[in-house]
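Coordinate analysis (summary)
Residue-level listing of the chains:
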Amino acid sequence: MTSNAAKLYQKIESNPSYTKLLFRQALQDPQGALKTICDIGLEVGLPVTKEEVKSYLSTLDDLETKQWLIKARGGL
């Protein structure tokens, strides 16, 4: 499923409605953002666990993603 996390990240990143949804979710309830990511994964056929999402995000060397995580106040 680790590969699902990477594929799901790319799918979310390329879809403005998903990115807006997750940004709003992270501001309101950072822990809920993880659940939302997992829900999106199920919806698009790329199931992931919260742990897989955290693990994948920690491997990214992408300043924009890291800034987003900081804005989400460490909830992810």
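Just above sits the structure.
Residues numbered from 1 in each chain as written. Predicted model: local features only at pLDDT ≥ 70, side-chain atom pairs only at ≥ 80, totals over all residues. Heavy atoms only, no water.

Quick look at the packing of helix H2 (residues 16-28) against helix H3 (residues 30-43) now. Relative placement of two packed helices is described by the angle separating their axes and the distance separating the axes. Close contact between H2 and H3 brings their axes to 6 Å; oriented N to C, the two are set at 150°. The orientation of H2 with respect to H3, classified from their angle, is roughly antiparallel. As H2 runs across H3, the sense of the crossing is right-handed. Taking contact as the criterion, the partners of Tyr-18, Leu-21, Leu-22, Gln-25, Ala-26 and Gln-28 in H2 are, on H3, Pro-30, Gly-32, Ala-33, Thr-36, Ile-37, Ile-40 and Glu-43. Looking at the contact of H2 with H3 residue by residue, the class counts come to eight nonpolar, four polar and one charged. (Axes fitted to C-alpha atoms, helices over the stretch in contact; angles between N-to-C directions. Helix = DSSP H or I, 4+ residues; strand = E, 2+ residues; numbered from the N terminus. Parallel < 35°, antiparallel > 145°, perpendicular 65-115°, else oblique. Left-handed = near helix turned anticlockwise from the far one by under 90°. Contact = heavy atoms within 4.5 Å. Nonpolar A, V, L, I, M, F, W, Y, C, P; charged D, E, K, R; others polar.)

With that settled, the discussion passes to the packing of H3 against helix H4 (residues 50-59). Interhelical geometry of H3 versus H4 gives an angle of 100° and a closest axis separation of 9 Å. As judged from the angle between their axes, H3 and H4 are roughly perpendicular. For the pair H3 and H4, contact is made by Leu-34, Lys-35, Ile-37 and Cys-38 and by Lys-50, Val-53 and Lys-54, respectively.

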